[in-house]
Amino acid sequence: MTRLSGITPSGRVQLGNYLGAIQRWASQGTADDLYFVSDLHAMTSTHNPAMLRALTGEQLAVLIAAGIPAESVFVQSDLTRELGALSWVLECTCTFGEAARMIQFKEKAKGQAGVRLSLLTYPVLMAADILLQGADEVPVGADQRQHVELARTLAKRFNATYGEVFTVPRAVLPPAGARVRDLADPARKMSKSTRDSAGVVFVLDEPELVRRKIRRAVTDDARSVEYDPRRPGPANLLEILAACAGDTPERVAGDYGSYGALKEGVAEAVVETLRPIRERAGGLLDDPAELERVRKAGAARATQRGEHRLHSALRLVGTGH
Ligand code: TYM
């Protein structure tokens, strides 16, 4: 069984990425799994090339520091030829309506001038990421579920139209932490690219900063600590705590009598969860030659594993050899 997933270097890795995705990539992974930094996806809106390169290195280091074996990681753009080709084949399998229906596209395109065409087509590139490698399972947070569904639809349609090439993937969500919300504005999800980072805990933040952000988290004026998904501020804190502790939000709520105590508990759990990752990532970032070696080996492995599916797909649509 192959699991595959990716993270986009559109900003620094945040706690939602870790609890919703990376934590499981590291703990449930097997030698067959593939996890990658999807740098090609970070170009769907204005971006800074030097920053993109730096963030790609940082994310690669965080993936390894989180405990994903170096043998399972790669950088997406090292497979540009294969993914570019497969993405085109899949664009020719996807309808405009299907792409335009994607919630993320609608949200991000809203009110924006000069929307890049790639913002519309990026879920198809994501389908190429998944289908090239024959992934069975795609461990993601809730916001990526619809994109994985699209990959599923395209795999089935391609197989039925041209012949069986692609494994039909399925999205797998975590029991807690599937949608971590912004601490300062719990109505929206925590995101790497949010301009105001007061409510966003970054995985490489210093412990004191993490504590400060959590202490300032928005709650409400209720007196008791209980888990109620309709109360987004407190529910978010309890979900974060549960995801760190491998427990349920309902159960961890019972340990606290006030929001003040809950915030201290969440702050300590998050600091201790992130500490080893921050320390290991620091070491890796100080050794660029080692990171480069891991990147090269990952590129060779991922290319070799996916190639035959691309060639079969090209042959079946009536192109290639
Ligand atoms: P990205 O970089 O936005 O997020 C990486 C992973 O983190 C999860 N996530 C969250 N989970 C819980 N709470 C949050 N607030 C939160 N924010 C992000 C995401 O669901 C995701 O699992 N397009 C993808 C990357 C990608 C990919 C792929 C994933 C590219 N190709 C192929 C799977 C398969 C993205 O931008 O994720």
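Residues numbered from 1 in each chain as written. Predicted model: local features only at pLDDT ≥ 70, side-chain atom pairs only at ≥ 80, totals over all residues. Heavy atoms only, no water.

A word on the side chain of Thr56. Residue position: Thr56 is located in helix 2 (residues 49-65). If near-sequence neighbours (up to four positions away) are discounted, Thr56 is found in contact with Pro9, Val37, Asp39, Val75 and Arg295. (Helix = DSSP H or I, 4+ residues; strand = E, 2+ residues; numbered from the N terminus. Contact = heavy atoms within 4.5 Å.)

It is worth spelling out the nonpolar core at this point. Ile22, Ile214, Ile240 and Val270 are the most contacted members of the largest nonpolar core, which totals 55 residues. With 11 residues, the top contributor of residues to this core is helix 11 (residues 259-285). Shared between two domains, this core holds at least three residues of each, these being domain 1 (4-177 + 288-316) and domain 2 (207-283). Apart from the residues within four sequence positions on either side, Ile214 is in contact with Leu183, Val201, Leu237, Lys263, Val266, Ala267 and Val270. In this structure, Leu90, Cys94, Ala135 and Ala151 belong to the second largest nonpolar core, which totals 39 residues. (Core = buried A, V, L, I, M, F, W, Y, C linked by side-chain atoms within 4.5 Å. Buried < 20%, exposed > 50% of the residue type's maximum accessible area, 1.4 Å probe, protein only. Domains from an automatic or database assignment.)

Let us now look at the environment of Arg179. Looking at the element boundaries, Arg179 is found in the loop between strand 5 (170-172) and helix 8 (207-215). By relative accessible area, Arg179 is classed as partly exposed at 42%. Sequence separation between Arg179 and Val203 is 24 residues; the distance between their C-alpha atoms is 16 Å. When neighbours within four sequence positions are excluded, Arg179 is seen to be in contact with Ala142, Asp143, Lys189, Asn236 and Glu239.

Residues in close proximity to the ligand total 28 residues, the closest being Thr8, Asp129, Asp143, Val180 and Lys192. At 3.1 Å from an oxygen atom of the ligand is found a side-chain nitrogen or oxygen belonging to Asn17. A distance of 2.5 Å separates an oxygen atom of the ligand from a polar side-chain atom of Asp143. Those elements that provide at least two residues to the shell around the ligand are strand 1 (4-7), helix 1 (15-28) and helix 6 (117-132). Of the residues belonging to the shell around the ligand, the class tally is 12 nonpolar, 12 polar and four charged. (Near = heavy atom within 4 Å. Polar contact = N/O pair within 3.5 Å; in protein donor to acceptor, adjacent residues only side chain to side chain. Nonpolar A, V, L, I, M, F, W, Y, C, P; charged D, E, K, R; others polar.)

What follows concerns the side chain of Thr303. As for its position among the elements, Thr303 is in helix 12 (residues 288-316). In this structure Thr303 touches Asp78, Leu79 and Glu82, once residues within four positions along its chain are discounted.

The next thing to look at is the domain arrangement of the chain. The domain boundaries assigned to the chain delineate domain 1 (4-177 + 288-316) and domain 2 (207-283). Across the contact, 11 residues belong to domain 1 and 12 residues belong to domain 2. Of the roughly 860 Å² buried between domain 1 and domain 2, counting both surfaces, carbon and sulfur atoms make up 78%. Among the residues of domain 1 in contact with domain 2, Leu15, Ala65 and Ala176 are the three that bury the most area, contributing 49% of the side total. Our count for the domain 1 to domain 2 interface comes out at zero salt bridges. Seen at the junction of domain 1 and domain 2, the total is two residue pairs in polar contact (both at pLDDT 80 or more). Counting residues per element, the ones that place at least two in the side of domain 1 that touches domain 2 are helix 1 and helix 2. Ranked by residues supplied to the side of domain 1 that touches domain 2, first place goes to helix 1 with four residues. Residue composition of the side of domain 1 that touches domain 2, by class: eight nonpolar, three polar and no charged. (Buried area = accessible area lost by both parts, 1.4 Å probe. Salt bridge = Lys/Arg side-chain N within 4 Å of Asp/Glu carboxyl O.)

A surface patch of nonpolar side chains, amounting to about 210 Å² of accessible area, comprises Tyr162, Leu316 and Val317. Take Val317: it is sitting in the segment after helix 12. When its relative accessible area of 31% is taken as the criterion, Val317 is described as partly exposed. (Patch = residues over 30% accessible without salt bridge, like charges linked within 9 Å, V, L, I, M, F, W, Y side chains within 5 Å. Areas by Shrake-Rupley, 256 points an atom, 1.4 Å probe, with all protein chains shown as cover.)

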